[in-house]
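# A look at the structure
In case you want the letters, here they are:
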Amino acid sequence: MKASYICPHCKGVINADNNIILSARTKNNNVGLVLLHEEIGNYSSICSDSIKVKKKEIVDFFCPICHESLNVKEDENFAKYLRIDENLEESCIIISREYGDRITFRVDKNKQIDTYGEKLSRFINPEWFLKCID
Ligand SMILES: [Zn+2]
């Protein structure tokens, strides 16, 4: 079985084929779908034609199923969702909300934090990372 990506609110599965599907809104109220490659650390993405995102722009992310916000309350730079891997191990994936930013964190059940991407020195694993997963 492949990994599933899950909305933390409704527990709906938000990935299909090789993409995680998120609903997105820009500051100018452009709305659309953003498809992120499901492989952690692969930053290829696809946006629906309705949404034009500028580099460096901060995007609001929502669950495409229940429309709850996926933005992290503790830090406006991030959004999060859950991942259940092929061994049914659950982890929390934290992504940057800034378009073009290549930063991902994964926090597993044992509070182990894995980091992926670039420019990681800006963030030093704040306390709230550990509260992402019970
Ligand atoms: Zn949801």
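Data block above holds the structure.
Rules of the game
- Residues numbered from 1 in each chain as written.
- Predicted model: local features only at pLDDT ≥ 70, side-chain atom pairs only at ≥ 80, totals over all residues.
- Heavy atoms only, no water.
- Pairing = 2+ DSSP bridges.
- Helix = DSSP H or I, 4+ residues; strand = E, 2+ residues; numbered from the N terminus.
- Phe/Tyr/Trp six-rings, centres within 6.5 Å; stacked < 30°, edge-to-face > 60°.
- Buried < 20%, exposed > 50% of the residue type's maximum accessible area, 1.4 Å probe, protein only.
- Donors = N, O, S within 2.8 Å, 3.2 Å for Na, K, Ca; no water.
- Tetrahedral: all angles 85-135°; square planar, octahedral: opposite > 155°, others 65-115°.

The next point concerns the pairing of strand β10 (residues 113-117). In this sheet, β10 lies alongside strand β9 (residues 103-108) in antiparallel orientation, the contact comprising 5 bridges. Paired with F105 across the two strands is T115, which belongs to β10. Linking β9 to β10, which pair antiparallel, is a turn of 4 residues; within it K111 sits at a positive phi near 65°.

Think of a pair of aromatic rings as described by two things: how far the centres are apart, and how the planes are tilted against each other in angle. Scanning the entire structure with this criterion turns up 6 aromatic pairs. Ring centres 5.7 Å apart and planes at 55° place the aromatic pair F78 and W128 in the tilted group. A residue pair is termed long-range when its members are at least 10 positions apart, and F78 in strand β7 (residues 78-84) and W128 in the segment after β10 qualify at 50 residues. Across the pair, W128 and F78 agree in class, each one buried. A network of ring pairs unites the aromatic residues F78, F105, W128 and F129 as a single cluster.

With that settled, the discussion passes to the coordination of the zinc ion. Looking at the metal site, the zinc ion is ligated by C7 (SG), C10 (SG), C63 (SG) and C66 (SG), spaced 2.3 Å from it. Coordination at the zinc ion is tetrahedral, judged from the 4 donor atoms that bind it and the angles of 101 to 113° they form at the metal. Here the donor residues of the zinc ion share one chain and are spaced in sequence as C-x2-C-x52-C-x2-C. Remark: C66 occurs in the loop between β6 (60-62) and β7 and C10 occurs in the loop between β1 (4-6) and β2 (15-16); sequence separation between them is 56 residues.

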